[in-house]
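Geometric and topological summary
The lines below spell out each chain.
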Amino acid sequence: MIQRLIRIFITNSLKMISLLLAVSIISFILVCASPIDPVQQYIFSLGTAVSPQQRAEIEEYWGVNEPPVERYLNWLGEVLKGNLGESAIYRRPVADIIGQRFLNSLALMISAWILSGLIGFALGCVMGLYQDRALDKILKKICYILSSIPTFWLGLLFLLIFSVWLGWFPSGFSSPIGVLSENVTVWQKIHHLILPALTLSLMSFSNIALHTRQKLIDVLHREYAQFARARGEGKWMLLRRHGLRNIMLPALTLQFASFAELFGGSVLAENVFSYPGLGSAVSAAGLNSDVPLLLGVTLLSTLFVCIGNMIANILYGIVDPQIREVHK
Amino acid sequence: MEQKKDALLKIQNLSVSFRRYNHGLEQENLQVVSDLDLTVYPGEIVAIAGSSGSGKSILASAILGILPNNAKVDGNLYFKGETLTPQLQQQLRGTKIALVPQSIAFLDPLMKIGKQVDGHRRPKPVQTRKALFARFGLPQEIQYLYPFQLSGGMARRVLVSTALISDAELILADEPTPGMSLDQALEALQMFREIADQGKGVVLITHDLDLAFEFADRVAVFYAGTTVETAPASDFKKGPDALRHPYSKALWHALPQNGFHPIEGFQPYAGNLPPACLFAPRCPYATEKCRTQAPLLREVRGGEVRCYYGA
Amino acid sequence: MKKLNRRKKVIIWTVFLVLVFLCLYACGILIPEDVIASDFLDAKHMPSWKHPFGTDALGRDLFFRTLKGLSISITIGMIASAISAVIAILVGISVAVGSKPLDSLINWLIDLVMGIPHTILILLISFALGRGLKGLIIGIASTHWCSLARVIRGEVLQLRSQPYIAISRKLGKSSRWILVHHMLPHLLPQFFVGLILMFPHAILHEAAISFLGFGLPPEQSAIGIILSESMRYLSTGMWWTAVLPGLTLVCIVLLVDKIGEHLRKLIDPYSAQE
């Protein structure tokens, strides 16, 4: 068992490294193909403040005068040393910005992830228990409709209803404007987190809900559920004793495998709510041609997704042997 | 025959049909059990024998009240003289009426054996379970195992334990022998014999006719969802002349030790049943009457038969 | 008979939905630019008979702007998902050749594209191509083929193990012959259904990327741009600029989804039981 998991871990790690390398190559090529020259752009944004010496440093970092392959290798070496370059819009090392903003984004994504997992799982269980009844049909419709709603529009609606009309929530930024970051209380941070997290979780729970519904229906049609019924177990008892046990891990696996959608959604949610996380940073970086920041966030988001997939694979490895042996 | 007064389970004219939607629009009723009669007394094993597709397993679900929502049940069911209403069924499931399932597929693959045998009722019958395991020669440690870790013989005894852990008076055993070697099957049936000898009623649903009449007291022969004959098991040992219904006789002849003579034709498919006697299309003795008017169950020589000519 | 009736019903529904869709699309295309020209005297109006969706801060009629924007989004969505579906089928059937390294490579490629959050990848591609229409289409096309490619790959693998294909192979038919005669007829329905189901996603992504400012230039009427502009005026109470165009977008997406679902029922009745 342990050996199996270690094997899964190692193969996944190797795959992750290969994917990260490929992503770094692709994104580097894309950025270089862009009509916007990072060095020119950077110097332009610094205005007259740049001294010839600074300019030379920047040119060396980007290897302006070298052939593309060497430029890439040079850049990769710097990245591996932890030097992601300096952001043009924030005038600070990219690693610092990402580190700080990633915490904000992580708070947002984790709360949305947990919320959508809980809502989705609970709704999925209810739908499965009441399969083909009115309640199930209505909830299923809602799930389908929600998956057709763009994240950012739902965010706009929330902003309109809860911030503009009801005034319950602030309309942006993870802390009140004009308050020093040291003085921001945890409650204020949470207050700013609620709407974006809610938007993000509403966008992603339908997937897990529909999946859980199907899994529960499968379980309820299995022989062991039939037998449990014959022993006098009611609907909810069945769910508690056999349902949860058999559908929890697959659902958790799916939830870990959804990190890509989560990250993509957070980019939109953060932009709508002006939430200072990676998502708003990356779109700002793209719009202002802040190449180092753009590359940094791309690599980080890939790492994030890969870690989610790896956890999903390992979880799957835990469930798998039991199921396989039963079918033998 | 003084037993007759307090039948444990009495089924009269039971019919079960399934509503089915054909291609989403057309509603169709599939009759799977029709006009079934069966009585079980305490202390006896009644074997229900019939080929697959004769509605045997549906019967167990109907008694327990766990048929799917699209099933429609007609007829009268009595448990110890009381009408079996859905409420009563709900009360009796797993307490007074217990099911012994076929195989370990009926155990939750992810739940440990101990918890599984105990069931969901509280307080947990831990002491009873330990006593049962001891009685069946099961090591106590298996309570910490998962179903897939059990050997076939152990699994069999565990499944029986799930029924005996309650103080059930009626045990329904659904096909307990397929896939077993002869020794295992004999062991399993011996277990049911012991249970019956303790004064419980056992319904043994099986298609192993010869095993059934070795261990059962009475045998009910199933055909296309109804009982065509109920006879003392001894009649099956005596031979075809002691039997009453042409189908029972044909079944007897089809047994390997009696010449392996198959019956011609096929069991009618639910939804395509003959209008009157269900066996008429295959019956060598069928007359016009059999094809127009369904025969009722009648008593013949200490057994019951659903045939105009059975004697 | 009954089966036919039901099938007919689905066909009639599908035709109706397709007609509604085409009408909306044609309206959007045919709207002349001067209808949505700015008119400062008419700015910031609530929805009324004259302007069903109201007007925006520059006095442009939002109803026509939304229709126009939708038609742009639909065009982009159609081109992008068509390219994407072609990539998917090419990638999917290359499994049919039966080379193991190629299959691993394809799996790795799919993992690669799935490994970067789509929004980020489209954003990056759009950035590399200098924003605008081209970047948008290429970005969406290069991110949406994965799941369909997986479906087709699965189908091909399943077909490959079918006895009649094995027999064909034994009879000396070439891989290409088998592909054209035995596999494509099974794959084409999957391809079309996949294409149509991909389409709503493509529209949603187009809207999202335009919303972030990476798609079309701001003077265009794309739906993402309308919504992104509306964000600036939300706090002034111009709710209609966000609510109505967004609602229309959702309706279109649901409409296309429904068409896809119906078509799946028609083409592949067994997998569409649910």
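Cut-off values and rules
- Residues numbered from 1 in each chain as written.
- Chains lettered and ligands numbered in written order.
- Predicted model: local features only at pLDDT ≥ 70, side-chain atom pairs only at ≥ 80, totals over all residues.
- Buried ≥ 20, exposed ≤ 12 C-beta atoms within 10 Å, placed from the backbone.
- Helix = DSSP H or I, 4+ residues; strand = E, 2+ residues; numbered from the N terminus.
- Pairing = 2+ DSSP bridges.
- Axes fitted to C-alpha atoms, helices over the stretch in contact; angles between N-to-C directions.
- Parallel < 35°, antiparallel > 145°, perpendicular 65-115°, else oblique.
- Left-handed = near helix turned anticlockwise from the far one by under 90°.
- Contact = placed C-beta atoms within 7 Å.
- Nonpolar A, V, L, I, M, F, W, Y, C, P; charged D, E, K, R; others polar.
- pLDDT = per-residue confidence, 0-100.
- Expected span 1.5 Å × (residues − 1).
- Bend = angle between axes of the 7 residues up to and from the residue.

Residue and element names in this part refer to chain B. Buried residues dominate strand β10 (residues 226-232), accounting for six of its seven residues. Both strand β9 (residues 218-223) and β10 contribute to a ladder of six bridges, which runs antiparallel. When the sheet's bridge partners are listed, A220 is paired in β10 with T230. In this structure, the hairpin formed by β9 and β10 is closed by a connection of two residues, where A224 is found at a positive phi of approximately 50 degrees.

Two modes of strand pairing occur in sheets, parallel and antiparallel, and in both the strands are linked by backbone hydrogen bonds. Residue and element names in this part refer to chain B. Strands sit in the order β6-β7-β8-β3-β9-β10-β12-β11 across an open sheet of eight strands; the sheet is mixed. Looking at the sheet topology across the chains shown, the edges are occupied by β6 (97-100) and β11 (298-300). In this sheet, neighbouring strand axes are inclined to one another by 25 degrees on average, regardless of whether the strands run parallel or antiparallel. As defined by bridge partners, strand β3 (residues 45-49) adjoins β9 across four bridges and the pair is classed as parallel. Residue pairing in the sheet places I48 in a bridge with A220 of β9.

Here we take up the packing of helix α5 (residues 132-143) of chain C against helix α8 (residues 175-212) of chain C. Residues and elements named next belong to chain C. Following both chains from N to C, one finds α5 and α8 inclined at 135 degrees, their axes separated by 10 Å at the closest point. Considered as vectors, α5 and α8 are oriented oblique to each other. The crossing of α5 and α8 is right-handed. When α5 is examined against α8, the residues L136, G139 and I140 are found in contact with a partner set consisting of A202, H205, E206 and I209. Among the residues forming the contact of α5 with α8, the class breakdown is four nonpolar, two polar and one charged.

So, about the confidence of the model for chain B. When pLDDT is averaged along chain B, the result is 83; 95% of the residues meet or exceed 70. Within chain B, helix α7 (residues 209-215) of chain B has the poorest average pLDDT of any element, 80, and β6(B) the best, 90.

Once that is clear, we can look at the packing of helix α11 (residues 259-272) of chain A against helix α12 (residues 278-287) of chain A. All names here are of chain A. The contact between α11 and α12 brings their axes to 7 Å, and the two run at 85 degrees. With respect to each other, α11 and α12 are oriented roughly perpendicular. Touching S266, V267, E270 and N271 of α11 are G279, S280, V282 and S283, all from α12. Its residues placed into classes, the contact of α11 with α12 shows two nonpolar, five polar and one charged.

Residues and elements named next belong to chain B. Take G81: it is sitting in the loop between β4 (71-79) and β5 (82-83). According to the C-beta neighbour criterion, G81 is exposed, with 10 such atoms within 10 Å. Between the C-alpha atom of G81 and that of K10, which follows or precedes it by 71 residues, the distance is 7.8 Å.

Between its terminal C-alpha atoms helix α7 (residues 151-165) of chain A stretches 20 Å, which fits the 21 Å expected from 15 residues at 1.5 Å a residue. Approximately 25 degrees is the largest bend angle found in α7(A), and it occurs at L159(A). Taken together, the buried positions of α7(A) are T151(A), F152(A), W153(A), L154(A), G155(A), L156(A), F158(A), L159(A) and L160(A). Those residues of α7(A) that are buried are in contact with α8 (186-220) and α11 of chain A together with α8, α9 (223-233) and α10 (240-267) of chain C. G167(A), located one to two residues past α7(A), shows a positive phi value of around 65 degrees.

Residues and elements named next belong to chain B. Not every positive phi belongs to a glycine, and D35 is a case in point at roughly 45 degrees. Among the secondary structure elements, D35 is positioned in strand β2 (residues 26-40). Among the residues examined, D35 registers 20 C-beta atoms within 10 Å and is labelled buried. Phi is positive for A224, close to 50 degrees, though the residue is something other than glycine. Structurally, A224 is set in the loop between β9 and β10.

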